[in-house]
Amino acid sequence: MTAVNPGAPRRAQSAPDRTFLLVLIFLVTSALLLVSHNGDLLENLGGLGAVLRNPIVEAVIVSLFLANVLFAYLWRAAAWAKALVGLGSLLLVLPWAGQEDTSLLDLSIQIMIFAALALGLNIVVGLAGLLDLGYVAFFAVGAYTWGIFASPRFAEILRYYGENPGGTNALTLALGLFLTAITAASMIYIRRLQRSARPTRASSWSFGLASFGLVAGLLLTGRALLVLNASRAAGLGAGIDPSFFWLFLALSVLSAAVVGVLIGLPVLRLKGDYLAIITLGLGEVIRVLANNLDLYSAGSQGITPIGSASVPWFDRLAGTLGFQPDQYYLLFLYVLVLVLVAVILLVNVRLDRSRIGRAWIAIRDDEVAAQAMGVPLVQTKLIAFATGASFAGAMGMIFAAKQTFVSPESFNIFQSIGVLSMVILGGMGSFPGVILGAAVVTLLNLRILPGLGEATANLGIPQQVNPGQLQRLIFGVILVTMMLLRPEGLLPNKRRALELHHDDNQEDDSAQGTGPALTAGGGDVFSPGYATEQEDEHAGTTGRGTP
Amino acid sequence: MDLATLLPFVVNVIVGGLVLGFVYAIIALGYTMVYGVLQLINFAHSEVFVTGAVVGFEVFRVLAPNPINGYLKLLIALVAAMIVSGLLNVLIERLAYRPLRNAPKLVPLITAIGVSLILQDVLRIIEGFQGRFDLTYTLPQGFSGRFCAAQSSCAGLGNALRTIGIDLQLKDVILIAVSLLSLAVLNYLVNRTRLGKAIRAVAQDRVTAGLMGIDANRMISATFLIGGALGGISGVLFGMKFGTVNAYSGFDPGIIAFTAAVLGGIGSIPGAVLGGLVLGVIQNLIGVTNVFGGLLGVANLESIDASYQRIGAFIVLVLILIFKPTGLLGKSNVEKV
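All figures in this text were calculated on a predicted structure; none of them were measured in a lab.

Novice: Looking at this model, I keep getting lost on the overall build of chain A. Mind explaining?
Specialist: A tally of helices and strands in chain A yields 25 helices and zero strands. As presented, chain A carries roughly 24800 Å² of accessible surface, and 66% of it is formed by carbon and sulfur atoms.

Put into structure tokens, the structure is as follows:
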């Protein structure tokens, strides 16, 4: 337990200053990336060009380049060098190389989408300790929220309701609005009543009844709105005006959060594996609904084409920077997702150090003790669920805009498991860790394994064992060996790493399986606040270089 | 459809659901036994059970030209599948779970997912080298025919069933018989033998069991062996019931079986069986809601098809867990601080 003592002196030898090395590696890998993604230049290079064009070499160059950002975070170096490498890589070199090879932009957006998803799931699993196997459902909610409205699908829906109005008129709309208002008001009233007096059976029943009324009112209003606007279907052939993008970004976040609360409310009373299987099931429910509600989601064939935002000044800027018109939207999404990931990271760090973050960690470590200390369990868990879901909602929308296509296939259970493995590979509870995990897994799945398959296609390897076909096997082997050798993840959260390692000398409790959770609550003198502060120091510009 | 034809129809749907439920129940037992001892969702169990199905396929394929009795072929297939799946499960535990015995629960869970991905591809490669992907079972002569097609052989039972209006295939009857037999053996093993006693002791408290002279590691291996063997049996039964199996087809029944285990109260053996039967029946009933929808004149019900079966299973699970958070037969454990 001595290692846990915060007062103990740090390791005597600090990491050497690597400013020079960092800048050197940045320059070399940037040059390599720019050359290897410039078609004209490769033509002139002859033999070397052919080597650089090899899919494996290309994947390695991309990985090395992205490793720059990691080095800038990890190594001890001058602040200006860190800033140069970080900002230069993401804002200058990547878009520049992406200009020649759009797939690079696409890949970076994908990595950042998964990074944001992993950050969201990290809150649910890593901080609050709720095992959620249906996380991708919220991603789907965001994607479909934008996908339906920014595609010809919306016109189809309006046309359908125009043909089947079912006696709807302005009065129905008024009735729907009235019902919504009345039930919402009575729900608020009952809530307030319950807060002052003990909730009785009658009050909770009437609350449930009112919530049913609210749903009915909303459905009625929505239907009436659709029917009354059906005549506009002709003008909406390509979906709604793209300038609604920002409104829908907020709506996606909101709807994903609402779905998170709706799913969370009934199931959060369950624990551990019961919660896992239920979330898995509800995730599947959303996928099956997307697969079967043909009118709204176009079923298994998916919705396409989905528009992106229209930002004229950004397009002009991209034009002057030498981008092609068909690349504008990708560049825009790249910048947008970069900003969003930064915001999400900021929100995460702030939340983690806040009262609610400490409540999450308390619940994860020992639910009973946390409850005894006055942490409201359901409310705190719901906030974790809704926060994680809202990040996924925003990313789902960007995913839909990037792919210009959504179908239920993108939201199956394997995506959820993939995001979970990113969180755990990177290091649960550690923000830089989960981003690294997302980058590693995405690169592996989208570049390295397919690259291996392509490169070995002509070597006469039987088709069954071609590396391109072995993605599951390789991914599985990586997961298993990683868990066996380094269960705390690539960039572990310090506190969690201690939990995982100090049970070596605590055999009595740890032998029972519930060991770490018990010991973590017991003799640990490490307060959560202290842990996060330390981690933040580490992320600062003077980074100590002790991964 | 009037009432006179509807009643036998419903009875047949329910009986068909029970047949399906027995397959789920036996798979669910594999999950619940491992969970009972290690508190681990063994995601790899769905692949263990597909391995059993593949072994069963190979046995039936190799023995197909052989003129021996169909029931003997089935016995050989079952035994071979039990041995292979059981040993595979023990191997998985040895390599992937035992080193992580003291790690937090999520770590072995991820390992289990990794193992399941590895096994899927290994199965695909093994069968792929022989140019096969979808494995179609070649059942022994007569297994697909109706139960008691020949009046003479089993007049009593067959006639009794036919009077009630139940129409079963021979393989369904075999399936139920094998399931009941393996349940009886498992029940004897767990509740009546020293081995079962030791396993239950380890499940209850590993450390105290160790103090009483029980080798926990051996008992956990034994549990995985039994769970794997059950997986092998269910694999063969699944293959017989559905006809085709491929390397990836373990996922769906695996999820439903795990749902069944949770539904019944995970860790409880009778609970797993009950959960499996309930889910099987519900799934079959949802599969024919269009018939009921047509009867009741509800148009929306008609568009509900088989793809809603899994949704139905999960909704039932959510409802039951809301009111009884430990499952149908689960015991609520009192939290000690």
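Novice: Looking at this structure, I do not really get the overall build of chain B. What am I missing?
Specialist: Along the backbone of chain B there are 14 helices and two strands. Burial statistics for chain B: of 337 residues in total, 56% are counted as buried. Taking all contacts inside chain B whose residues are at least 6 apart in sequence as the whole, residues at least 24 apart take part in 77%. Element-wise, carbon and sulfur atoms account for 66% of the exposed surface of chain B, whose accessible area totals about 14500 Å².

Novice: Explanation requested: the nonpolar core in the structure shown.
Specialist: Residues and elements named next belong to chain A. The biggest cluster of nonpolar side chains holds 256 residues, and the ones touching the most others in it are Trp146 and Met395. Looking at this core element by element, the count peaks at 18 residues for helix H6 (residues 102-127). When residues no more than four places from it in sequence are discounted, the contact partners of Met395 are Ile113, Ala116, Leu117, Phe139, Val337, Leu340 and Ile344. Core analysis: the next-biggest nonpolar cluster, separate from the first, contains five residues, Ala359, Ile363, Ala370 and Val375 among them.

Novice: What exactly am I supposed to notice about the interface of chain A and chain B here?
Specialist: One frequent convention defines the size of an interface as the accessible area lost when the parts assemble. Contacts between the two partners involve 53 residues from chain A, matched on the other side by 53 residues from chain B. Summing both sides of the interface, chain A and chain B together bury roughly 4500 Å²; the carbon and sulfur share of this comes to 74%. If you sort the residues of chain A by the area they bury against chain B, A:Asp273, A:Tyr274 and A:Arg472 come out on top, with a joint share of 15%. Our count for the chain A to chain B interface comes out at zero salt bridges. Across the chain A-chain B interface, the total number found is two residue pairs in polar contact (both at pLDDT 80 or more).

Novice: Could you clarify how one ought to interpret the pattern of salt bridges in this entry?
Specialist: If charged atoms from side chains of opposite charge come close, those side chains can pair. Summed over all chains, the structure comprises 14 salt bridges over all chains. Because the salt bridges share partners, they merge into one network encompassing B:Glu58, B:Arg61, B:Glu127 and B:Arg132.

Novice: Honestly, the side chain of B:Arg132 in this entry has me stumped. Any pointers?
Specialist: Residue and element names in this part refer to chain B. Looking at the element boundaries, Arg132 is found in the loop between helix H4 (106-128) and strand E1 (135-136). Here Arg132 falls in the buried class, since its relative accessible area comes to 19%. In terms of polar contacts, Arg132 uses its side chain to reach the side chain of Glu58, at 2.9 Å. One polar contact links Arg132 to Glu127, side chain to side chain, over a distance of 3.0 Å. Not counting residues within four places of it along the chain, the set of residues in contact with Arg132 comprises Phe57, Glu58, Arg61 and Glu127.

Novice: Would you take a moment to explain the packing of helix H11 (residues 269-287) of chain B against helix H14 (residues 309-323) of chain B for this structure?
Specialist: A pair of packed helices is characterised by two quantities: the angle between their axes and the separation of those axes. All names here are of chain B. One way to put it is that H11 packs onto H14 with a least axis distance of 9 Å and a crossing angle of 135°. In this view, H11 runs oblique relative to H14, as classed from their interaxial angle. Judged by the sense of rotation from one axis to the other, the crossing of H11 with H14 is right-handed. Contact residues: Leu279, Ile282, Gln283, Ile286 and Gly287 in H11; Gln309, Gly312, Ala313 and Val316 in H14. Partitioned by chemical class, the residues of the contact of H11 with H14 number five nonpolar, four polar and no charged.

Novice: Help me understand the packing of aromatic side chains, please; the structure alone is not making it clear to me.
Specialist: The way to describe two aromatic rings as a pair is by their centre distance and the angle between their planes. Applying the stated criterion across every chain, the model contains 26 aromatic pairs over all chains. Consider the rings of B:Phe238 and B:Phe242, whose centres lie 4.7 Å apart with planes at 40°: the pair is tilted. On the criterion of helical spacing, the pair formed by B:Phe238 and B:Phe242 is a turn pair, its members being four residues apart in helix H9 (residues 216-242). In this structure B:Phe242 comes out as partly exposed when scored by relative accessible area, which is 41%. Aromatic rings pair up to connect A:Trp146, A:Phe149, A:Phe154, A:Phe245, A:Trp246, A:Phe248, A:Trp313, A:Phe314 and A:Phe332 into one cluster. It is A:Arg18 that lies over the ring of A:Trp75; its NZ or CZ is 4.8 Å from the centre. Over the aromatic face of A:Phe414 sits the side chain of A:Arg472, whose NZ or CZ is 5.2 Å from the ring centroid.

Novice: Hey, could you run me through unusual backbone geometry in this one?
Specialist: Residues apart from glycine generally show negative phi values, whereas peptide bonds are mostly found in trans. Residue and element names in this part refer to chain A. Here the bond from Thr304 into Pro305 is cis, since omega is -5°, no more than 30 degrees from zero. Relative to the assigned elements, Pro305 resides in the loop between helix H13 (294-297) and helix H14 (312-320). If you check the backbone angles, Ala298 has positive phi at about 60° while not being a glycine. Along the polypeptide, Ala298 turns up in the loop between H13 and H14. For Ala298, a relative accessible area of 10% translates into the label buried.

Definitions and cut-offs
- Per chain, residue numbering runs from 1 following the sequence as it is written.
- Just so you know, chain letters begin at A and ligand numbers begin at 1, following the order they were written in.
- Two thresholds apply to this predicted model, a pLDDT of at least 70 for residue-level local features and 80 or more for giving and counting side-chain atom pairs, whereas whole-chain, interface and lining totals are computed over all residues.
- Based on all heavy atoms of the structure, the side-chain values leave hydrogens and waters out of the count.
- Put simply, DSSP H or I for four residues or longer makes a helix, DSSP E for two residues or longer makes a strand, and each gets a number counted from the N terminus.
- Surface exposure here means Shrake-Rupley accessible area, sampled with a 1.4 Å probe, where a residue is shielded only by the protein chains that are shown.
- Only protein chains enter the area calculation, which uses a 1.4 Å probe; residues under 20% of their type maximum are buried, those over 50% are exposed, and those in between are partly exposed.
- The contact criterion used is simple: two residues touch if any of their non-hydrogen atoms lie within 4.5 Å.
- Buried Ala, Val, Leu, Ile, Met, Phe, Trp, Tyr and Cys residues form a nonpolar core when they are joined through side-chain atoms within 4.5 Å.
- When two parts are put together, the accessible area they lose, computed with a 1.4 Å probe and summed over both, is reported as buried area.
- Here, a salt bridge means any side-chain nitrogen of Lys or Arg that lies within 4 Å of a carboxyl oxygen of Asp or Glu.
- We call two N or O atoms a polar contact when they sit within 3.5 Å, provided that within protein one can donate a hydrogen and the other can accept it, with sequence-adjacent residues counted only if both atoms are side-chain atoms.
- Every axis corresponds to a line fitted to the C-alpha atoms, with the helix fit spanning only the stretch in contact, and the corresponding angles, defined between N-to-C directions, vary from 0 to 180 degrees.
- For classification purposes, angles smaller than 35 degrees are called roughly parallel, those larger than 145 roughly antiparallel, those between 65 and 115 roughly perpendicular, and all remaining angles oblique.
- For any pair of crossing helices, the crossing counts as left-handed if the nearer helix is rotated counterclockwise from the farther one by less than a right angle, and right-handed if it is rotated clockwise.
- Note that Gly is not counted as nonpolar here; it falls among the polar residues with everything else outside the nonpolar set of Ala, Val, Leu, Ile, Met, Phe, Trp, Tyr, Cys and Pro and the charged set of Asp, Glu, Lys and Arg.
- Each aromatic pair joins two rings of Phe, Tyr and Trp (for Trp, the six-membered one) with centres within 6.5 Å, and gets the label stacked for planes under 30 degrees apart, edge-to-face for over 60, and tilted for any other angle.
- Whether a charge lies above a ring is judged from NZ of Lys or CZ of Arg, which has to be within 6 Å of the ring centre and within 35 degrees of the ring normal.

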